[in-house]
Amino acid sequence: MNVMVLGAGITGITTAWFLHRAGFHVSVIERQSHAAQETSFANGGQISVSHPEPWANPSAPFVALRWMGRTGAPLRLRPRLDAKQWQWMAGFLRECLPWRSRRNTAAIAALAIHSLTELRRLREEAGIADAYDARGRGILHLFFEAASFERARDRAGELAALGIELRPCSAAQCAEIEPALAASLPRLAGGLYAPGDESGDTMRFSQALAQVLAADGVRFLYGASIECLRISDERRIIEVEVCHAGGRDMLPADAAVICLGSHGRRLLRPLGEPLPIYPLKGYSITAPVRDAACAPLVSLTDESRRIVCSRLGERLRIAGTAELNDYCLEIDPARIASMLEWAETRLPGAIDRERAAPWAGLRPATPGGVPVIGRCRHHENLWLNTGHGTLGWTLACGSASVLAALMRGEKPPVEFPFWGR
Ligand SMILES: Cc1cc2nc3c(=O)[nH]c(=O)nc-3n(C[C@H](O)[C@H](O)[C@H](O)COP(=O)(O)OP(=O)(O)OC[C@H]3O[C@@H](n4cnc5c(N)ncnc54)[C@H](O)[C@@H]3O)c2cc1C
């Protein structure tokens, strides 16, 4: 069976891997000239199994109100006369209900645990373990307010019931785990350490895996923008229409998988398959390490500022913030300045700030943070693996492996609210 994977971000490339291994004939179509040039390009780098709680949780509306109008706040809403934005926000508020948030957390946790197992297996089988600045030193979640540290300790107990290990640490213990935190020690209230978590460069991983797949017979069509899907009278996808430098082509397909990040919604709307995905913009800076002794090797999450930091070889990646502003990818210099200021305060001397490369990307976010995985409701050979929001790197291998199981008609090894069921 010829399967078209639409999109070559981290989700599309891992989907191609698992489908290829499952015996499908796979082609990948991508508008950019290489894999992972959009949201998977310069994200926070964390494989963060220890953070399955979605942004939509019972405290989120209050936190958002507190941040409103504050310069440098992690969340910024730019209201538009746009029904999609307001619908998404209404959905987000609904997902903040305690029982919904608990259900979503459990689904994400199960998928994240499975995903880490699959990632470890994949990188050995594909021979790419050394290709993406991977580090398995865990993630340290840092708290700078005693009250929020206490609340997080309680949450750690609840996450343990879902199979997630988080060790509470005093400020001094945090600095033992990651000596580069010495400068932050006086203000640090404590931390939660997830020893099993990892970090690595998503873009390098995607490109290395794409190369392995191409060498093994998977067809890649870069520079090809997907314009529409042609449907038969029986409501099956029969062709994918692409536009490229040489003109237009209709590519025949037995099945297709949507892995288009924030852009799948626009392709599916004319087919009557609405996707609950909205672009949630985030920023990162990537800078060369200036003084290795000051640059952490353990990946960090500053819970007070919602900023993450990962060591990628001789570079440090710092990422965070969320803006609801449609597909706007403009870089706000104030956001970049705020990240540089974070680096200077928390990790003085760690990076060469003059050479920091700014970046912005659009997280394909569902209101509840749960990705959309499964079969489309009205087109039985059209599949979805998208909407991974804040956790696309963490969940990629697990999502792709369960999708491949579904497409083979097998029962996936994870309890999950699959789409279309
Ligand atoms: C600031 C920031 C920090 C983050 N940090 C982390 C983190 O630490 N850990 C984590 O797990 N996740 C993190 N994420 C989330 C993660 O990066 C995303 O969830 C993930 O990259 C989404 O991957 P994707 O493949 O679904 O989308 P994308 O990477 O956007 O891939 C979609 C692909 O589809 C292609 N495409 C779109 N439309 C068309 C078309 N019409 N024709 C052809 N091709 C098309 C695009 O070019 C693109 O290559 C972060 C995100 C941001 C923004």
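Residue numbers run consecutively from 1 along every chain, following the written order of its sequence. Only residues with pLDDT of 70 or above have their local features reported here, since the model is predicted, and side-chain atom pairs are shown and tallied only from 80 upward, although totals for entire chains, interfaces and linings are computed over all residues. Hydrogens and water are ignored here; the side-chain numbers use all heavy atoms of the structure.

### A few points about the layout of surface pockets
It is the rolling of a water-molecule-sized probe over the atoms that shows where space remains empty.
Next, step 1: Cavities and pockets are defined on a 1 Å grid built over the protein atoms alone: a cavity is a set of grid points where a 1.4 Å probe fits but cannot escape, while a pocket is an open set with protein on both sides within 12 Å along at least five of seven lines, and lining residues are those with an atom within 4 Å of any such point. Grid points are joined across faces, edges and corners, and a volume is the space filled by probe spheres set on the points. By volume, the second largest pocket is sized at about 680 Å³.
Next, step 2: Taken together, 29 residues line the second largest pocket, and the ones lying closest to its centre are Leu275, Pro276, Thr366, Pro367 and Trp419.
Next, step 3: Within the residue set of the lining of the second largest pocket, elements represented by two or more residues are helix H3 (83-95), helix H4 (98-126) and strand S19 (372-375).
Next, step 4: Among the elements that take part in the lining of the second largest pocket, H3 stands out by supplying six residues, more than any other.
Next, step 5: Domain start and end points were adopted from an automatic or database domain assignment. The residues that make up the lining of the second largest pocket include at least three from each of domain 1 (2-40 + 204-276 + 369-407) and domain 2 (46-97 + 131-198 + 278-365). In this description a helix means any DSSP run of H or I spanning at least four residues, a strand means any run of E spanning at least two, and both kinds are numbered starting from the N terminus.

### Thoughts on the packing of helix H1 (residues 10-21) against helix H10 (residues 392-407)
Next, step 1: A fitted line through C-alpha atoms represents every axis, and for helices the fit uses only the stretch in contact; the resulting angles, taken between N-to-C directions, go from 0 to 180 degrees. In contact at an axis separation of 8 Å, H1 and H10 are set at 40° when each is read in the N-to-C sense. Taken as a pair, H1 and H10 cross one another with a handedness that is right-handed. On the side of H1, the interface is formed by Ile10, Thr14, Thr15, Phe18 and Leu19, while H10 contributes Gly392, Trp393, Ala396, Cys397, Ala400, Ser401, Leu403, Ala404 and Met407.
Next, step 2: For this scheme, ten residues count as nonpolar: Ala, Val, Leu, Ile, Met, Phe, Trp, Tyr, Cys and Pro. Four count as charged, namely Asp, Glu, Lys and Arg, and the remainder, Gly too, count as polar. Residue classes in the contact of H1 with H10 are distributed as 10 nonpolar, four polar and no charged. Each crossing gets its hand from how the near helix is turned against the far one by less than a right angle, where anticlockwise is left-handed and clockwise is right-handed. Contacts between residues were defined by any pair of non-hydrogen atoms, one from each residue, lying within 4.5 Å.

### Overview of the side chain of Thr301
Next, step 1: Within the fold, Thr301 resides in strand S15 (residues 299-302).
Next, step 2: Under the relative-accessibility criterion, Thr301 is labelled buried at 7%.
Next, step 3: If sequence neighbours within four positions are ignored, Thr301 has contacts with Gln46, Ile139, Leu140, His141, Leu142, Ile307 and Val308. Burial status follows relative accessibility: with a 1.4 Å probe on protein chains alone, a residue under 20% of its type maximum counts as buried, one over 50% as exposed, and anything between as partly exposed.

### Some remarks on the site of the ligand
Next, step 1: Taken together, 34 residues lie near the ligand, and Glu30, Ser40, Gln46, Gly389 and Thr394 sit nearest.
Next, step 2: Two N or O atoms count as a polar contact when they lie within 3.5 Å, although within protein this holds only if one can serve as hydrogen donor and the other as acceptor, and sequence-adjacent residues are included solely when both atoms are side-chain atoms. Gly44 is positioned with one of its backbone polar atoms (N or O) 2.8 Å from a nitrogen atom of the ligand.
Next, step 3: Contact distances for the ligand include 2.8 Å between a nitrogen atom and a backbone N or O atom of Gln46.
Next, step 4: Each accessible area is a Shrake-Rupley estimate made with a 1.4 Å probe; only the visible protein chains count as cover when residues are assessed. Taking 1,000 Å² as the accessible area of the ligand by itself, protein coverage stands at 96%.
Next, step 5: When contributions to the shell around the ligand are tallied by element, the ones reaching two or more residues are H1, strand S10 (225-231), strand S14 (278-288), strand S18 (357-365) and H10.
Next, step 6: Grouping the amino acids of the shell around the ligand by side-chain chemistry returns 10 nonpolar, 20 polar and four charged.
Next, step 7: Taken together, domain 1 (2-40 + 204-276 + 369-407) and domain 2 (46-97 + 131-198 + 278-365) each give at least three residues to the shell around the ligand, which thus spans both. A molecule or strand has a residue near it when one of that residue's heavy atoms lies within 4 Å.

### Considering the domain arrangement of the protein
Next, step 1: Domains assigned within the protein are domain 1 (2-40 + 204-276 + 369-407) and domain 2 (46-97 + 131-198 + 278-365).
Next, step 2: Here the C-alpha centre of domain 2 lies 28 Å away from the C-alpha centre of domain 1.
Next, step 3: With both sides pooled, the region where domain 1 packs onto domain 2 buries about 1,800 Å², and carbon together with sulfur makes up 61% of that total.
Next, step 4: Considering only the surface of domain 1 that becomes buried against domain 2, Arg204, Ser262 and Arg265 emerge as the three largest contributors, covering 29% of it.
Next, step 5: Here, a salt bridge means any side-chain nitrogen of Lys or Arg that lies within 4 Å of a carboxyl oxygen of Asp or Glu. At the surface where domain 1 touches domain 2, the tally comes to one salt bridge.
Next, step 6: Between Arg204 and Asp133 there is a salt bridge, with its nearest N and O atoms 2.8 Å apart.
Next, step 7: At the level of secondary structure, the elements contributing two or more residues to the side of domain 1 that touches domain 2 comprise helix H7 (202-215), helix H8 (264-268) and H10.
Next, step 8: The element contributing the most residues to the side of domain 1 that touches domain 2 is H7, with three residues.
Next, step 9: When grouped by side-chain class, the residues that make up the side of domain 1 that touches domain 2 number five nonpolar, 10 polar and five charged. Put simply, buried area is the surface a 1.4 Å probe can reach on two separate parts but cannot reach once they are joined, added for both.

### Side note on helix H5 (residues 146-160)
Residues that lie three or four places apart on an α-helix share one face, since the helix turns once every 3.6 residues.
Next, step 1: Under the convention used throughout, the expected extent of a helix is 1.5 Å for every residue step, that is, one less than its residue count. When the terminal C-alpha atoms of H5 are compared, their 21 Å separation across 15 residues agrees well with the 21 Å that a helix rising 1.5 Å per residue should span.
Next, step 2: Buried within H5 we find Ser148, Phe149, Ala152, Ala156 and Leu159. Taken down its axis, H5 places every buried residue within 95° of arc, on the same side. Away from its buried face, by an angle of more than 90 degrees, H5 presents the exposed residues Ala146, Arg151 and Asp154.
Next, step 3: Those residues of H5 that are buried are in contact with H4, strand S5 (139-143), strand S6 (167-169) and strand S7 (190-194). By definition, the arc is the one covered by directions from the helix axis to the C-beta atoms.

### Remarks on the sheet that holds strand S11 (residues 237-244)
Next, step 1: Each pair of strands is called paired provided DSSP finds at least two bridges between the two strands. Judged by pairing direction, the sheet is antiparallel, and its three strands sit side by side in the order S10-S11-S12 without closing on themselves. Either end of the sheet is taken by a strand with one partner, and the two such strands are S10 and strand S12 (247-252). Along the sheet, successive strands turn relative to each other by an average axial angle of 25°, direction set aside.
Next, step 2: Where S10 and S11 come together, six bridges link them in antiparallel fashion. By the bridge assignment, Ser225 is partnered in S11 with Cys243.

### A few points about H3
Next, step 1: With 13 residues, H3 should reach 18 Å at 1.5 Å per residue; the first-to-last C-alpha distance of 18 Å fits that figure.
Next, step 2: Among the residues making up H3, those that are buried are Gln85, Trp88, Met89, Gly91, Phe92 and Glu95. The buried residues of H3 occupy an angular sector of 160° when the element is viewed end-on, so they sit on one face. Along H3, exposed side chains directed more than 90 degrees from the buried face belong to Ala83, Gln87 and Leu93.
Next, step 3: The secondary structure elements touched by the buried residues of H3 are helix H2 (60-67), strand S4 (75-77), H4, S14, strand S17 (315-324) and S18.
Next, step 4: The N-cap of H3, judged by a side-chain oxygen 2.9 Å from the amide nitrogen of Lys84 a few residues on, is Asp82.

### Here's the deal with unusual backbone geometry
Next, step 1: Phi angles above zero are rare outside glycine, and Arg235 is one such case at about 60°.
Next, step 2: Locating Arg235 in the fold gives a position in the loop between S10 and S11.
Next, step 3: Its relative accessible area of 42% is what places Arg235 among the partly exposed residues.
Next, step 4: Its identity as a non-glycine residue notwithstanding, Asp326 has a phi of 55°, on the positive side.
Next, step 5: Note that Asp326 resides in the loop between S17 and helix H9 (333-346).

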